[in-house]
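Analysis of the macromolecular model
So you can see what is in the structure, the chains are spelled out below.
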Amino acid sequence: MVSCPHRIPDVSRSAPVVPAAALLTAVTVTLALTLTSCTGGGGAADGTRGSAGLRDPYFPKLGNGGYDVTHYTLALDFEPPDEPPDESSDESPSGADGRLRGVAVVTARATRELDSFNLDLKGMDVESVAVGGVAARWERAGQELSVTPEGGLGEGETFRTTVRYSGVPETITDPDGSREGWLPTADGVLALGEPTGSMTWFPGNHHPSDKAAYDIRVTVPEGLRAVSNGELESESTEDGRTTYSWHTAEPMASYVATLAIGAYEISRSTAGEGAGRIPVYVAVDPSQVKGSRAVLGRIPEVVGWAEGYFGPYPFSSTGAIVDRPEDVVYALETQNRPVFPGAPGISLLVHELAHQWYGDSVTPKSWRDMWLNEGFATYAEWLWEEDHGGDSAQEIFDALYEGDYFPDAESNEAVWDFPPAEPPGADRISDSPVYERGAMVLHRIREAVGDDAFFELIRGWATAHRHGNADTADFTAYAEEFAEKAAPGANLTKVWDDWLYGDGKPPLA
Ligand code: TRP
Ligand code: ZN
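Below you will find a few notes about this structure.

So, how was this worked out
Residues numbered from 1 in each chain as written. Chains lettered and ligands numbered in written order. Predicted model: local features only at pLDDT ≥ 70, side-chain atom pairs only at ≥ 80, totals over all residues. Heavy atoms only, no water. Donors = N, O, S within 2.8 Å, 3.2 Å for Na, K, Ca; no water. Tetrahedral: all angles 85-135°; square planar, octahedral: opposite > 155°, others 65-115°. Helix = DSSP H or I, 4+ residues; strand = E, 2+ residues; numbered from the N terminus. Buried < 20%, exposed > 50% of the residue type's maximum accessible area, 1.4 Å probe, protein only. Arc of directions from axis to C-beta. Contact = heavy atoms within 4.5 Å. Pairing = 2+ DSSP bridges. Patch = residues over 30% accessible without salt bridge, like charges linked within 9 Å, V, L, I, M, F, W, Y side chains within 5 Å. Areas by Shrake-Rupley, 256 points an atom, 1.4 Å probe, with all protein chains shown as cover. Salt bridge = Lys/Arg side-chain N within 4 Å of Asp/Glu carboxyl O. Lys, Arg positive; Asp, Glu negative; His and termini not counted. Charge placed at Lys NZ, Arg CZ, Asp CG, Glu CD. Phe/Tyr/Trp six-rings, centres within 6.5 Å; stacked < 30°, edge-to-face > 60°.

Notes on the coordination of the zinc ion (ligand 2)
Note on the zinc ion (ligand 2): its protein donors are His351 (NE2), His355 (NE2) and Glu374 (OE). The metal-donor distances range over 1.9 to 2.0 Å. Classification of the site at the zinc ion (ligand 2) as irregular follows from its four donor atoms and the range of 99 to 136° in their angles at the metal. Counting gaps between the donor residues of the zinc ion (ligand 2) yields the pattern H-x3-H-x18-E. Of the two residues, His351 sits in helix α4 (residues 346–354) while Glu374 sits in helix α5 (residues 370–387), which places them 23 residues apart along the sequence.

So, helix α2 (residues 289–296)
Of the residues making up α2, those classed as buried are Val289, Ser292, Val295 and Leu296. Down the axis of α2, the buried set is contained in an arc of 130°. They therefore lie on one face. Turned more than 90 degrees away from the buried face of α2 sit Lys290, Gly291, Arg293 and Ala294, all of them exposed. Buried positions along α2 lie against β18 (265–271), β19 (278–284), α3 (299–310), β20 (318–323) and α4.

Quick look at the pairing of strand β8 (residues 144–148)
In terms of residue burial, β8 counts as a mostly covered element, since five of its five residues are buried. Note: strand β7 (residues 137–141) against β8, five bridges, orientation antiparallel. Bridge pairing in β8 places Trp138 opposite Val147. Once β7 ends, the chain turns through two residues before running back antiparallel as β8, passing Gly142 with a positive phi of about 60°.

Section: a negative patch on the surface
A cluster of acidic residues, Glu395, Asp398, Glu402 and Asp404, forms a negative patch at the surface. Residue placement: Asp398 occurs in helix α6 (residues 393–402). Residue class for Asp398 comes out partly exposed when judged on its relative accessible area of 31%.

Considerations on the packing of aromatic side chains
Under the criterion given, the structure shown has 35 aromatic pairs. Between Tyr379 and Phe454 the ring centres are 5.6 Å apart and the planes differ by 75°, which places this aromatic pair in the edge-to-face class. Pair noted here: Tyr379 is in helix α5 and Phe454 is in helix α9 (residues 451–464), with a separation of 75 residues, a long-range link. Its relative accessible area of 2% is what places Tyr379 among the buried residues. Given a relative accessible area of 0%, Phe454 falls into the buried group. Judged by centre distance (5.1 Å) and plane angle (85°), the rings of Trp461 and Phe475 are edge-to-face.

Some details on the pattern of salt bridges
Scanning the entire structure with this criterion turns up 14 salt bridges. Between Glu301 and Arg298 there is a salt bridge whose closest N-O contact spans 2.9 Å. Taking the relative accessible area as the measure of exposure, Arg298 reaches 31% and is therefore partly exposed. Note that Arg444 and Glu447 form a salt bridge whose closest N and O atoms lie 2.8 Å from each other. In this pair, Arg444 and Glu447 both sit in helix α8 (residues 432–449), three residues apart, roughly one turn of the helix. Judged by its relative accessible area of 15%, Arg444 is buried. Linked by salt bridges that have partners in common, Asp77, Glu79, Arg101 and Arg241 make up one network.

Here it is in structure tokens:
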């Protein structure tokens, strides 16, 4: 049976991708709280503070309460690090050091009266903060940047916060040992943000529940390319530096925002037909071009196939970013343009493109709802197999149930470690129960309601929450209401109790 290449390599069990020393450093660093402050005008002494953190069950400090971001404008300037020392050359290094300079303009609406509010920003030096063009008081504590705007903000008020910052962004090591945030590559950098890494390269409300539109403008030395989400609106070179302007109109969660800087080869085509035609923009590391050409050429075919099940593609462009497997070790469903560690197999391509509907368009309300991303994307792989001469979804389900899906017993047993809707901790949100058992939940629903109703249900779910957020309770309520009409008598309660929330391996009957 197939193994699952989308899964983050389990560094706690397999050969460590992250050296143990790095893990240790990460733990030590989180204990050191930095507190810097700065004044730039007055502000209310006390009163209505926007909360730091949105009480995410797994990442309580992520995001901030009291406002809702509608738009980010990021103007970024990247200077690649010095060449690695080259013995054969006498040339001295250029003096550059991999720094990022940024101006972030965050447009948000206050959801209540606010004397102060927070943004998430991990690392980097803040130079100034202004709200509505007026200098604001600000201070930093850990990943929180708190801002006290002159005169406060009224409920419902739309306000614009400008943060000027610079530094070498950090790479984050997650509770499960994987690396995200700002990942230096052989020829540039790759920014990946699941679940928390985007706060290393821009300030914002970094929780999946606050989606916004983006304009990301990136300036790099001529010869390098900067690739991000959405559509490339302009590209211009002046004095040896090229600026790429990317526009994302549809709401985007910050964890699927990306920035890839490198010597990518670009290819453009189109997918879809008639009114549904969209541009395909693919950026591939030169070393991966040959090996990935055939599979990336199938993006329009996969998008078309997926539309047949999930409904119209939710965004105005698609594509892919392929880096070297030495530079990134997992794939991620970055919006419009998923990232791959080397040439993907067709299943992985299907998985990441399916996430555009399930994850990027219908986004979890919190990190507890991960199975709504991974269960659906995994089930999409099963449907692809079923439709392309491979095992049927039923056969894959059976193999998992019988424990002969993965090559090793340990992985087969791990499917039953915990219920998909309740991972036991932040270090388990990308484990097998979220993926395989999440897909098994969907297959149980299919068995309970029948094929026609099931396919209508998963498409209806993507439509009902298109460009929004949803949690597990929204899903079970939706499925029940749907089944009442389309498959009266189907017992979904048992699916929830046994498969979604139940401990251990559920009975089949
Ligand atoms: N979402 C990615 C996928 O399935 C995998 C992944 C990358 C992930 N980084 C993560 C999952 C962090 C959970 C947390 O394609
Ligand atoms: Zn996934």
